[in-house]
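Next come the chains, spelled out residue by residue.
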Amino acid sequence: KYGFKSIASDYYAFADLDNTYPFNKLIDMFEVITSKEKRIDMVSGGRLHSQSQIPFIRNLGNMFYSHLTRAIFKCEIVDTCSGMRIFSNTVKNSILNLKQADLSFSIELTAFALKNNWKLKEVPILYRERLGKSKLSIVKDGFIFLFILLKVKLS
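Residues numbered from 1 in each chain as written. Predicted model: local features only at pLDDT ≥ 70, side-chain atom pairs only at ≥ 80, totals over all residues. Heavy atoms only, no water.

Q: I keep staring at the pattern of salt bridges and nothing clicks. Help me out?
A: One side chain can pair with another of opposite charge once the charged atoms of both are near each other. Throughout the structure, instances matching the rule amount to three salt bridges. The closest approach of N and O atoms between lysine 25 and aspartate 28, which form a salt bridge, is 3.0 Å. Pair noted here: lysine 25 and aspartate 28 are both in helix 2 (residues 25–33), with a separation of three residues, about one helical turn. With relative accessibility at 25%, the residue lysine 25 sits in the partly exposed group. A relative accessible area of 30% means that aspartate 28 is categorised as partly exposed. Note that arginine 39 and aspartate 41 form a salt bridge whose closest N and O atoms lie 2.2 Å from each other. (Salt bridge = Lys/Arg side-chain N within 4 Å of Asp/Glu carboxyl O. Helix = DSSP H or I, 4+ residues; strand = E, 2+ residues; numbered from the N terminus. Buried < 20%, exposed > 50% of the residue type's maximum accessible area, 1.4 Å probe, protein only.)

Structure follows, in structure tokens:
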């Protein structure tokens, strides 16, 4: 968020730097968000499909939160926790005001966007095996994710 605050642009992108995301897909995502068809607020990389290399237990967690998010927000989003996104300047200040600054930032961003009726799109991306050890604690972070999802919905 510090970087986004420091520059002025029409569009902003971010992605995890652990080798899991294919940065060349940012081009496809940029084409979607800049399409003249309709205004899009944010495009996410959708990792939840059969070609992705998400470890089984993490995939289960991602699927759980995706289904829960669809049920709570009555939406069709597939990947609630993607760490690869592009958003427009029109939503920048809202993103800068989000509270989370750790692993739970992605789910807070998704929930906030859905609650505020942002125009969202997803572009399928491949997810590769990560470099290094994950900081994610499935149980601890899982409960934090659940709390944040419900907190945003009820606020």
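Q: Hey, could you run me through the sheet that holds strand 4 (residues 120–124) in this one?
A: Within the open sheet, the four strands sit side by side as 1-3-2-4. Their pairing is mixed. Among the strands making up the open sheet, the edge pair consists of strand 1 (11–15) and strand 4. For this sheet, the mean angle separating the axes of adjacent strands, direction not counted, is 20°. Together, strand 1, strand 2 (42–46), strand 3 (84–88) and strand 4 form the strand contacts of helix 2, whose direction differs from that of strand 3 by roughly 30°. Sheet strands touched by helix 5 (residues 105–115): strand 1, strand 2, strand 3 and strand 4. Its angle to strand 3, the strand with the most contacts, is close to 40°. (Pairing = 2+ DSSP bridges. Axes fitted to C-alpha atoms, helices over the stretch in contact; angles between N-to-C directions. Contact = heavy atoms within 4.5 Å.)

Q: Which parts of the structure should I look at to understand the packing of helix 3 (residues 56–73) against helix 5?
A: Two measures define how a pair of helices packs: the angle their axes make with one another and the distance between the axes. The geometry of helix 3 relative to helix 5 is characterised by a closest axis approach of 11 Å and an angle of 20° between their N-to-C directions. Judged by the inter-axis angle, helix 3 sits roughly parallel to helix 5. The hand of the helix 3/helix 5 crossing is right-handed. Of helix 5, the residues touching helix 3 (which contributes Tyr65, Thr69 and Phe73) are Ile107, Ala111, Leu114 and Lys115. (Parallel < 35°, antiparallel > 145°, perpendicular 65-115°, else oblique. Left-handed = near helix turned anticlockwise from the far one by under 90°.)

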